[in-house]
Structure formats: structure tokens, C-alpha cells
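Residue-level structure breakdown
These are the residues of each chain, in order.
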Amino acid sequence: MSERKQILVTPEEMEEQRQYIAELRTRIEGKGLKYHIVTYGCQMNVHDSEKLAGMLHEIGYAETGQMQEADLILFNTCCVRENAELRVYGNVGALRAYKQANPNSIIGVCGCMMQQPEISDYIRRSFPFVDLIFGTHNLYRFPCLLLQALDSNTTVVEILDSEGAVVEHVPTRRAKGVSAWVTIMYGCNNFCSYCIVPYVRGRERSRHREDILEEVQDLAEEGYKEITLLGQNVNSYGKDLDRQYLFHQLLRDINGVNGIERIRFTTSHPKDLSDELIETMAECKKVCRHLHLPIQSGSNRILKAMNRKYTRENYLQLVEKIKKAMPDISLTTDIIVGFPGESEEDFKDTLDIVEKVRYDSAFTFIYSPRRGTPAAKIKDEIPQEDKKERLARLNELVSSISHEKNKAYLGKNVEVLVEGPSKTKADVLTGRTGTNKTVNFKGDPELIGRFITLRIVEAHVFSLVGELLKDA
Ligand code: SAH
Ligand code: SF4
Ligand code: F3S
């Protein structure tokens, strides 16, 4: 594919969106209007919400944490599992009375769930008070769509099924702090048999090197210390472009950006994790010693049915190679239990691989059939009770290994980047190690944004407790 053909959104169209923003600003600015965005799903969606927030700020809306005082409420949805969708229906439905009391307010629903035509139709029909519905491919057109919604009595709906656009220079309002998300590619080509993401996010499209580096440079200048590169499968970054420039090369270039001290990335598909990437990670000081490497199942039979394109043996060899190059690496994963046809033996293979790899932590899920995916056509005969029981057994094992791994930090000195106040206690700060461990400690808020060394004094399943060194 030619590099240029990929960009369907022309500078003229982006200019048009900027004009809509300017037009909206003349109507909105100074009125004290507020917005509230509710985001479901993965980091990509969180980052998309940062773009929606960026556009809203340019228009003159201010953010509010209270949905009930917002003039514009947006739900940025996820459809990866059924429970994510059910929450959206519940929360949108609950706004019926609010809309009656506030007829001038705008309610919008966007994101992955809306890319399924039957679902966006259902939302439009069941919740006629929703003003605006749009999908993932036309996020950058939000100013134009908002303008239409403000002037219309019916629901404005725009869902594009074309996925060609890689849009640059969308205003973005990132969460304050030390860490920023940077999307390096959109979409997914893998079609794991259970997964809906390729259907709602389209094929893989990588951003150009120059655009990514410019963004990272800007973030460094704004004071961000850590960046997390995002993509459904970052290991295939660049393969859709003409130029021979792949993920490990991008990592090396970002490692050279002054001011950025830590680089993280997610997600890595095991089948595409190259030797060059392992080498680059080991060599580049700023690349964190943490790899999220979803296994999904430890059974070869189930991995095949999932269309994951690796075996447990391939995966274990890969882990060995990674641990050899970086003995201090922390490994995390995603696991699905109860995939159709998963027997007790298959599940035991999953427990076995968890014990062999000894993950630092894992996200574990009960399989959820997704309409339109190949797995949804396989009869799902495992009783829900059994799935829940397997999940509980798996979680128990994962937690006990996490706890043991955390206990190995006791008495050690670790470097953390201080992120901010802890979520639970007022006088406690929280920082993260390169290995992605959260460490809580008592310290002066002045330390936020700095790298400091802590001695670990307590180890829990999900976090560590540290103390400032006396001479620090
Ligand atoms: N691209 C990433 C993340 C995809 S979604 C990756 O490949 O790892 C995040 C996780 O949700 C997946 O890793 C998988 O474990 C889980 N997931 C996806 N579809 C699911 C489904 N239908 N049911 C249950 N879990 C699912
Ligand atoms: Fe889904 Fe598989 Fe793509 Fe991940 S790699 S987004 S699990 S299809
Ligand atoms: Fe969900 Fe879409 Fe992410 S389906 S997991 S929000 S890509």
C-alpha cells in the first residue's frame, strides 16, 4: 500500500473542522457551559476521549465531574464484552428524565459499540432523546456533528464504515500528570475468533514516523516524562506502510527524545514480537522493563480455535528469550476462560502456563460471545457456573503469584516516577516502578513528577508500600 493513499482526511477537511470549532465558539464561549464524558473500554478509548475533550475545550466548554450539571454528556462506548454494553444501555437509559428537565442539553453516544449498525439503530430507536450518535472512524468530525445536533430536533447519526483515515492534529486535552498516551496505530488485522475489535476499529493503519515523533517531542516540551505507545498490536506497527520502518526502530527513535524518561507500550501480540524488539528493549534505557503479552489460553487446542497463531510452546520459548535478555522484566497478560469447548483439561493447561510464566499480574475475563465473530457461531455449552468457578480458581492463582513477586521487592530500593496523590489516603503519594508496580509512600507533594528512590517495606497483591530513603 502506498504511504499517501492511506490518508483520506485532507488538510482541507481538517481546516473545515477548525472552522466549525470557531463557529461553535462564537455560540458557546462565555455561557459557562460544561461537558461530562463517560469512557468505557481500553486505553485507546480513553485517549479518544482526550481528543473529544480537546475539541470541546477549544469550543469553550469546561469539564465537570458531575454528570447532572453538564450541558453536554458523551458516552464513549466499548463492546469488547457484553457487560460493557449493558452498562451503556443502563446509563444512557437513566438520562431520560434528565433530558426532559434539561431539553437544551446534548446527549451523545459514540465509540466502538456504535460501529455495529444494529446497536446504533437500537440506541436511536430506544432512546430517542439521544441527540448525537457517531462511531470511531469519524471522531475528528465531532465539531461538525455537534453543530448539526445543536440545530436539530432529531438524532444526528453518522457512522462510517470506511476505515481509511489516519487523522493528525486533532486538538487533545490530556489528563494532567506525568504520563501521556500516544496512539501509534489504529485497528487490528488479527481477527482472533472471539474478538470484535477488528470489526469496529477496522484494519491496521500506522501513523507516520514524523507525526509520532513530533507529538512525542511536543509532549516532552509540555513536561510529560513518560509516554505509553498505544495500538491493538504495536508489534505490527509500520507493516502497512511502504517505508521499511518498524516498531523497534520507532522505539529507538523515541528513546532519543530529550525530556522523555520512560517509554511504555501496549499491546504486543506474541506472534509478532520480534528478536529486534527484544534487543531494542534490552538496549534502550528509557524503555520500561515491562511487557504486556496476552496469552488468552494455555491450551493449544483452544489457542487454535481462538486463531491466535501461536502454541503454548512458542509462547514459552518467547518468554524464555525475553527473560534471558531482560532478567528483571515484569510480565503481565490477558486470559479468557470459558471459550466454547474449553474442557477442564484445557483450563488446567491455562493454570499450568500461568505457573510456568509467573506473571506479575493478569487481566482475566469470562468469554463473552460477540455477534458477528466466528466464535459466536460455536455452541457455547459451558455452564456459567463452571466459567465463574474457573475464573475464581484462575484469579486465586494469579493473585498468589502476584503477591509472591511483590514480596521479592521487600527491603529493596526501587526507583519510582511519582505520579500524584494516592487514590485512597490523603497524605500518601503514589509512584510507579519501571516494572509497572504501584508504590504508595508518605512524601511531600513537591515530589510529584520526579524520579525518587524508595525502600520497599510492605508488599500487597496489587501494590507496594515504600519509604523515602533517609538521605534522599
Ligand atoms: N489487542 C489487545 C487487546 C484486545 S481487548 C490484545 O490482543 O491483547 C483486551 C482483552 O479483552 C483481550 O486481550 C481479551 O483477553 C479480552 N477479550 C476480547 N474479546 C473478548 C471476548 N469476546 N470475551 C472475553 N474477553 C475478551
Ligand atoms: Fe482482538 Fe486479537 Fe486484535 Fe487483540 S489482536 S484486538 S484480541 S483481534
Ligand atoms: Fe473496547 Fe473498542 Fe477498546 S471495543 S476494548 S474500546 S478498541
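All values derive from a computational prediction rather than experimental measurement.

**Topic: the domain arrangement of the protein chain**
The assigned domain composition of the protein chain is domain 1 (11-158) and domain 2 (413-468). Of note, the centres of domain 1 and domain 2, computed from C-alpha atoms alone, are 36 Å apart.

**Some remarks on the confidence of the model for the protein chain**
With 97% of its residues at a pLDDT of at least 70, the protein chain reaches an overall mean of 94. Per-residue pLDDT stays below 50 along residues 1-5; that stretch engages in 10 contacts with residues further than four places along the chain or on separate chains.

**Some words on the pairing of strand β4 (residues 106-111)**
β4 sits mainly inside the fold: 6 of its 6 residues count as buried. Because side chains alternate across β4, one face comprises the buried residues I106, G108 and C110, and the other comprises I107, V109 and G111, equally buried. For strand β3 (residues 72-77) and β4, the ladder comprises 6 bridges, and the chain directions are parallel. Counted as the bridge partner of N76 is C110 from β4.

**Observations regarding empty space enclosed by the protein**
This structure, assessed with the given rule, holds 4 cavities of 30 Å³ or more. At 4 residues, helix α1 (residues 11-28) tops the list of elements feeding residues into the lining of the second largest cavity. Class assignment of the residues belonging to the lining of the second largest cavity gives a composition of 6 nonpolar, 2 polar and 1 charged.

**A closer look at unusual backbone geometry**
At the junction of T266 and T267, the peptide bond is cis and its omega measures out at 10° in the coordinates. Along the chain, T267 falls in the loop between β11 (262-266) and α10 (275-283). One non-glycine residue, Q296, lies in positive phi territory at about 75°. One can find Q296 in the loop between β12 (290-292) and α11 (300-305). Residue class for Q296 comes out buried when judged on its relative accessible area of 7%. Even without a glycine there, the phi angle at K309 is positive, about 65°. Inspection of the secondary structure puts K309 in the loop between α11 and α12 (312-325).

**Focus on the nonpolar core**
The biggest cluster of nonpolar side chains holds 56 residues, and the ones touching the most others in it are I184, L229 and F247. When sequence neighbours within four positions are dropped, the list of residues in contact with I184 reads R205, S206, R207, I212, L229, L230, V234, Y237, F247 and L250. Counting residues in hydrophobic clusters, the runner-up holds 32 residues, among them Y20, L139, L146 and A149.

**Details of the sheet that holds strand β18 (residues 451-459)**
Ordered by their spatial adjacency, 5 strands build a closed barrel running β15-β16-β17-β19-β18, and the pairing between neighbours is mixed. Ignoring which end each strand starts from, the neighbouring axes of this sheet average 50° apart.

**Quick word on the site of ligand 3**
In the vicinity of ligand 3, the residues found are G41, C42, N45, C78, C79, V80, C112, R201 and Q232. Taken together, the residues of the shell around ligand 3 sort by class into 5 nonpolar, 3 polar and 1 charged.

**Details of the side chain of N190**
By secondary structure assignment, the location of N190 is in the loop between β8 (185-186) and α7 (197-201). Since its relative accessible area comes to 6%, N190 is described here as buried. At a separation of 2.8 Å, a polar atom in the side chain of N190 contacts the side chain of K271. Setting aside its immediate chain neighbours within four residues, N190 contacts E204, N233, H269, K271, D272, N307 and K309.

**A few points about the sheet that holds strand β13 (residues 330-337)**
Overall, parallel pairing links the 3 strands, which are arranged β12-β13-β14 in an open sheet. Edge positions in the sheet fall to β12 and β14 (361-366), since each of these pairs with one other strand and no more. Ignoring which end each strand starts from, the neighbouring axes of this sheet average 10° apart. One ladder, built from 6 bridges, connects β13 with β14; its direction is parallel. Paired with D334 across the strands is F363, a residue of β14.

Scoring rules and cut-offs
- Residues numbered from 1 in each chain as written.
- Chains lettered and ligands numbered in written order.
- Predicted model: local features only at pLDDT ≥ 70, side-chain atom pairs only at ≥ 80, totals over all residues.
- Heavy atoms only, no water.
- Domains from an automatic or database assignment.
- pLDDT = per-residue confidence, 0-100.
- Contact = heavy atoms within 4.5 Å.
- Buried < 20%, exposed > 50% of the residue type's maximum accessible area, 1.4 Å probe, protein only.
- Helix = DSSP H or I, 4+ residues; strand = E, 2+ residues; numbered from the N terminus.
- Pairing = 2+ DSSP bridges.
- 1 Å grid on protein atoms, 1.4 Å probe; cavity = no way out; pocket = protein on both sides within 12 Å on 5 of 7 lines; lining within 4 Å.
- Points joined across faces, edges and corners; volume = space filled by probe spheres on them.
- Nonpolar A, V, L, I, M, F, W, Y, C, P; charged D, E, K, R; others polar.
- Core = buried A, V, L, I, M, F, W, Y, C linked by side-chain atoms within 4.5 Å.
- Axes fitted to C-alpha atoms, helices over the stretch in contact; angles between N-to-C directions.
- Near = heavy atom within 4 Å.
- Polar contact = N/O pair within 3.5 Å; in protein donor to acceptor, adjacent residues only side chain to side chain.

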